Structures are given as C-alpha cells and as structure tokens.
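# Architecture and fold: a report
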Amino acid sequence: VQLQASGGGLVQAGGSLRVSCAASGNFFGINVMAWYRQAPGKQRELVAQITSGGVTNYADSVKGRFTISRDNDKNTVFLQMNGLKPEDTAVYYCNAAFTTVLGNSNYWGQGTQVTVSS
C-alpha cells in the first residue's frame, strides 16, 4: 500500500493551493483519510479528515479556509486551501486507514511542502 502526495508549492499570502494524495496497492477499502502538517520545530498536527461516507472534521485554525474531499473511485483525497497565511507553511502529509488482508492498517504519504510568503 502506498500514498503519493502532490501539489504543494510556493504561494503568496491570500492565495490558494490544492494538494492531492492518491492511494495504490492491495487493499479492500479505505476508511478515514486525513491531512496532517508539520512546521519546522513543531509537532505534526491534524489539519482535516474525512470518512468514507464524507463526514469531515477540521482543525480550528483552518475552518472556513480549507476543504477536504475525496474521490472514492480514484482512491484519492484532496485538500483545497484558500486564504493561505504564512503560518500555514509546513510539510503536509496525507494519512489513511486501510483494510487489507492483514487487517486494519494506517499509512503515511511522503509529504509535500507548502510555503506561504507574506
């Protein structure tokens, strides 16, 4: 099982970016998919998560600015980030809970850098 993230980059404050994360490999299903971020010198934190049924949850710091969505047919999760602020600068990691032949397992993507300039 693999998670491949893409779409990060450099943007000015107030701008928008969309990051994507596609799952591949052998699994029966994907339960919760989520985005986390880690800024230099800080702990990794949950940004947003979405269940297989589309129920979402957001960190207070991104509510109203970020939108998480998923395409279950393509096993892909997206994070649309609007109104970006310099404090959103971080490496963004996708995470997903898979059901495989071994049971339920949790995997991380490789991370994608998002940099917001002031």
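Structural data are supplied above this passage.
Okay, the state of the cysteines next. Applying the stated rule across the entire model yields 1 disulfide. Here Cys21 engages in a disulfide with Cys94; their sulfurs sit 1.9 Å apart. What sets the handedness of the Cys21 and Cys94 disulfide is the S-S torsion sign, and at about 45 degrees it is right-handed. Remark: Cys94 occurs in strand E9 (residues 90-100) and Cys21 occurs in strand E3 (residues 17-24); sequence separation between them is 73 residues. Here Cys21 falls in the buried class, since its relative accessible area comes to 1%. Its relative accessible area of 0% is what places Cys94 among the buried residues.

With that settled, consider the pattern of salt bridges. A full pass over the atoms with the stated rule returns 4 salt bridges. We note a salt bridge from Asp88 to Arg37, for which the minimum N-O separation is 2.9 Å. On the criterion of sequence distance, the pair formed by Asp88 in the loop between strand E8 (76-81) and E9 and Arg37 in strand E4 (residues 29-38) is long-range, its members being 51 residues apart. Of the two residues examined, Asp88 and Arg37, each falls in the buried class.

Here we take up the packing of aromatic side chains. Within the structure shown, the criterion is met by 4 aromatic pairs. Measuring from centroid to centroid gives 4.9 Å for Tyr36 and Trp108, while their planes differ by 65 degrees, and the two rings are edge-to-face. With Tyr36 in strand E4 and Trp108 in strand E10 (residues 103-108), this residue pair connects regions lying 72 residues apart in the sequence. Classification of Trp108 as partly exposed rests on a relative accessible area of 41%. Clustering of aromatic rings is evident, with ring pairs tying together Phe27, Phe98 and Tyr107. Positioned above the aromatic ring of Tyr93, the side-chain terminus of Arg44 is 3.7 Å from the ring centre. For Arg44, the ring lying beneath its charged end belongs to Trp108, and the centroid distance is 4.5 Å.

Another aspect to go through is the side chain of Asn95. For Asn95, the position within the fold is in strand E9. Looking at Asn95, its side chain comes within polar contact range of the main-chain oxygen of Tyr107, at 3.3 Å. If sequence neighbours within four positions are ignored, Asn95 has contacts with Leu3, Val32, Met33, Ala34, Tyr36, Asn106, Tyr107 and Trp108.

Bringing unusual backbone geometry into the picture now. With a phi close to 50 degrees, Asn75 is a non-glycine residue in the positive phi region. Mapping Asn75 onto the fold places it in the loop between strand E7 (66-71) and E8.

With that settled, the discussion passes to a nonpolar patch on the surface. Taken together, the side chains of Phe28, Val101 and Leu102 make up a nonpolar region of the molecular surface, amounting to roughly 440 Å² of accessible area. Looking at Val101, the relative accessible area reads 73%, which means it is exposed.

The next point concerns the sheet that holds E3. Ordered by their spatial adjacency, 4 strands build an open sheet running E1-E3-E8-E7, and the pairing between neighbours is antiparallel. Sheet topology places strand E1 (2-6) and E7 at the edges, where each strand pairs with a single neighbour. Strand-to-strand, the axes of this sheet are offset by a mean angle of 15 degrees, without reference to chain direction. Alignment of E1 against E3, held across 5 bridges, turns out to be antiparallel. Its bridge partner lying in E3, Leu3 is registered against Ala23.

Quick notes on the rules
- Residues numbered from 1 in each chain as written.
- Predicted model: local features only at pLDDT ≥ 70, side-chain atom pairs only at ≥ 80, totals over all residues.
- Heavy atoms only, no water.
- Disulfide = S-S within 2.5 Å.
- Helix = DSSP H or I, 4+ residues; strand = E, 2+ residues; numbered from the N terminus.
- Buried < 20%, exposed > 50% of the residue type's maximum accessible area, 1.4 Å probe, protein only.
- Salt bridge = Lys/Arg side-chain N within 4 Å of Asp/Glu carboxyl O.
- Phe/Tyr/Trp six-rings, centres within 6.5 Å; stacked < 30°, edge-to-face > 60°.
- Lys NZ or Arg CZ within 6 Å of the ring centre and 35° of its normal.
- Polar contact = N/O pair within 3.5 Å; in protein donor to acceptor, adjacent residues only side chain to side chain.
- Contact = heavy atoms within 4.5 Å.
- Patch = residues over 30% accessible without salt bridge, like charges linked within 9 Å, V, L, I, M, F, W, Y side chains within 5 Å.
- Areas by Shrake-Rupley, 256 points an atom, 1.4 Å probe, with all protein chains shown as cover.
- Pairing = 2+ DSSP bridges.
- Axes fitted to C-alpha atoms, helices over the stretch in contact; angles between N-to-C directions.

No statement about biological role is implied by the geometric values presented.
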